Amino acid sequence: MPEENCLIVRAAGKQLDLLRGEASRIAKAANVSWWTDRAEIGTKFCFEDRKSKDSFALTCDGLGISCQDG
């Protein structure tokens, strides 16, 4: 899967659980797959398409959780 559809998020505990739920909701609505991987610092959230990644980035911003391209 292309790496450009990944975001690195620095979150833990309940915030990370919340983000997993949001990623699942976004991917299900777009009918695409998503997955997480460990990053050097944080968790990498990856999506099959750019639109889902962008939607997830907006969700992170709305929750006040920083993310960066990964």
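Please read these numbers as outputs of a predicted model, since none were measured by experiment.

Thresholds, definitions, all that
- Residues numbered from 1 in each chain as written.
- Predicted model: local features only at pLDDT ≥ 70, side-chain atom pairs only at ≥ 80, totals over all residues.
- Heavy atoms only, no water.
- Helix = DSSP H or I, 4+ residues; strand = E, 2+ residues; numbered from the N terminus.
- Expected span 1.5 Å × (residues − 1).
- Buried < 20%, exposed > 50% of the residue type's maximum accessible area, 1.4 Å probe, protein only.
- Arc of directions from axis to C-beta.
- Contact = heavy atoms within 4.5 Å.

### A look at helix α2 (residues 50-63)
Okay, so step 1: Helix length check: α2, at 14 residues, gives a terminal C-alpha distance of 20 Å against a target of 20 Å (1.5 Å per residue), a fit within 8%.
Okay, so step 2: Listed in full, the buried residues belonging to α2 are Ser 52, Lys 53, Phe 56, Ala 57, Thr 59 and Cys 60. Looking straight down α2, one finds that the buried residues subtend no more than 160 degrees of arc, so they occupy a single side. Along α2, exposed side chains directed more than 90 degrees from the buried face belong to Lys 51, Leu 58, Asp 61 and Gly 62.
Okay, so step 3: On its buried side, α2 packs onto β1 (6-9), α1 (13-30), β3 (43-47) and β4 (67-69).

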